[in-house]
Amino acid sequence: ESIMNELRKKIITDLFISPMTIVPATIGGSLMLLSLVAGFIYGFVGFCFLLISFGIGINNCLFNYDKISKQTIEKIEKEKQIERNNKLDELDVKLSSDRDPRDQKALRDLRAIYDSFMEDIKAGKITIAAGLSIRSQIDEVFNQCVQQLEFQYELWVKSKKFNGKLKDDLLKQKNNILDEVEKNVFNLTDVISEVGNLGVKAKSNQLSLLKDRLNIQLNAAKEAEKIITDATGDSLNRFSEYQ
């Protein structure tokens, strides 16, 4: 929801704050201030300029909403994409060091399907409204998968410090997490493919069903993560008793 709210606020801001609205608003505000010493006529003209600025904003809402929304989403996504890709590139390098190709493949598949979803929105294959409607859940599942990939890598790093049963337990929990990630990537791919198939004809009831599926997937992923995290904590606590 926070991502969706952020996008909506930015879209509304861009609808009303642009060179076309700022210039007459600035002139109007200046003339309104000047009217305090120069007379009523300046204030009236200034008020007219403010009305023009407001009118342009309303016109944008009525006739340019999709265009400006698309531009706003592209701008925000470009900034986020640069930051996200830098972090994911770092994670990709780390995952290549554990000699298990599954986690690196899962990350690359996850990035590919997510990028395809954003490209479909950018290309207009998915409407902005439909994209915004389901984007929050997709982002949550995406982030959850990334966090789990980071966690299973940390378990592998910890396992190298130990021998025997504790090492085996940590590696088993690492593999359990990786199994969950692969399942979530597969399900997310399936949902995003369905969104793409709906395309610009997406209906609210169809999107609601997909959102429900994503919420179920996310809740299951969080529950699985909690179980595995608790088990990992128990293993490490048992080890600490003998130190």
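Relevant structure appears above.
Residues numbered from 1 in each chain as written. Predicted model: local features only at pLDDT ≥ 70, side-chain atom pairs only at ≥ 80, totals over all residues. Heavy atoms only, no water.

Let us now look at the overall build of the protein. Secondary structure summary: the protein contains eight helices and zero strands in total. The secondary structure elements of the protein, listed N-terminal to C-terminal, are α-α-α-α-α-α-α-α. Counting only residues that meet the buried cut, the protein has 40% of its 243 residues in that class. Of all intrachain contacts in the protein linking residues separated by at least 6 positions in sequence, the fraction that spans at least 24 positions is 74%. Total accessible area computed for the protein in this model is approximately 14,000 Å², and 59% of it derives from carbon and sulfur atoms. (Helix = DSSP H or I, 4+ residues; strand = E, 2+ residues; numbered from the N terminus. Buried < 20%, exposed > 50% of the residue type's maximum accessible area, 1.4 Å probe, protein only. Contact = heavy atoms within 4.5 Å. Areas by Shrake-Rupley, 256 points an atom, 1.4 Å probe, with all protein chains shown as cover.)

Relative to the assigned elements, Asp98 resides in the loop between helix 4 (65-95) and helix 5 (101-123). Within the structure, Asp98 has its side chain in polar contact with the backbone nitrogen of Asp100 (distance 3.0 Å). Leaving out residues up to four positions away in the same chain, Asp98 has contacts with Asp103, Gln152, Trp156 and Lys174. (Polar contact = N/O pair within 3.5 Å; in protein donor to acceptor, adjacent residues only side chain to side chain.)

Applying the stated rule across the entire model yields two aromatic pairs. Look at Tyr114 and Phe142: their rings are 4.4 Å apart centre to centre, the planes differ by 35°, and that puts the pair in the tilted class. In this pair, Tyr114 sits in helix 5 while Phe142 sits in helix 6 (residues 128-159), placing the two residues 28 residues apart along the sequence. For the residue pair Tyr114 and Phe142, the accessibility class agrees, reading buried in each case. On the numbers, 5.9 Å between centres and 35° between planes, the contact of Tyr153 with Trp156 is tilted. (Phe/Tyr/Trp six-rings, centres within 6.5 Å; stacked < 30°, edge-to-face > 60°.)

Glancing now at helix 5. Compared with the 33 Å implied by 1.5 Å per residue over 23 residues, the 32 Å span of helix 5 between its first and last C-alpha is a close match. The N-cap residue of helix 5 is Asp100: its side-chain oxygen and the backbone nitrogen of Arg102 are 3.1 Å apart. Positive phi appears at Gly124, one or two residues downstream of helix 5, with a value of about 85°. (Expected span 1.5 Å × (residues − 1).)

Tracing the chain through its elements places Leu95 in helix 4. When the C-alpha atoms of Leu95 and Gln152 are compared, they prove to be 9.5 Å apart, with 57 residues separating the residues in sequence. Excluding anything up to four places from it in sequence, Leu95 contacts Asp100, Asp103, Gln104, Leu107, Leu149, Gln152 and Tyr153.

Structurally, Ser159 can be placed in helix 6. Judged by relative accessible area, which is 1%, Ser159 ranks as buried. For the pair Ser159 and Asp169, spaced 10 residues apart in the sequence, the C-alpha separation amounts to 8.6 Å. Ignoring sequence-local partners within four residues, the contact set of Ser159 consists of Lys167, Leu170 and Leu171. Of the polar contacts made by the side chain of Ser159, one reaches the backbone oxygen of Trp156; its length is 2.6 Å.

Moving on, we come to the layout of surface pockets. What the largest pocket holds in volume is close to 370 Å³. Around the largest pocket, the lining comprises 15 residues; the ones closest to its centre are Lys80, Arg84, Lys87, Phe142 and Asn143. For the lining of the largest pocket, the secondary-structure elements that each account for two or more residues are helix 4 and helix 6. Sort the elements by how many residues they give to the lining of the largest pocket and helix 4 lands first, with seven residues. Of the residues belonging to the lining of the largest pocket, the class tally is six nonpolar, one polar and eight charged. By volume, the second largest pocket is sized at about 230 Å³. (1 Å grid on protein atoms, 1.4 Å probe; cavity = no way out; pocket = protein on both sides within 12 Å on 5 of 7 lines; lining within 4 Å. Points joined across faces, edges and corners; volume = space filled by probe spheres on them. Nonpolar A, V, L, I, M, F, W, Y, C, P; charged D, E, K, R; others polar.)

Right, let's talk about the pattern of salt bridges for a bit. Counted by the stated rule, this structure contains 11 salt bridges. Residue Lys87 is joined to Glu83 by a salt bridge in which the shortest nitrogen-to-oxygen separation is 3.5 Å. Note that Lys87 and Glu83 are positioned in helix 4 at a spacing of four residues, about one turn of the helix. With a relative accessible area of 52%, Lys87 lands in the exposed category. (Salt bridge = Lys/Arg side-chain N within 4 Å of Asp/Glu carboxyl O.)

Taken together, the side chains of Leu33, Leu34, Leu36, Val37, Phe40, Ile41, Tyr42, Phe44 and Val45 make up a nonpolar region of the molecular surface, amounting to roughly 980 Å² of accessible area. Those elements giving two or more residues to the nonpolar patch turn out to be helix 2 (19-38) and helix 3 (40-63). A total of five residues in the nonpolar patch trace back to one element, the largest contributor, which is helix 3. Within the secondary structure layout, Phe40 lies in helix 3. (Patch = residues over 30% accessible without salt bridge, like charges linked within 9 Å, V, L, I, M, F, W, Y side chains within 5 Å.)

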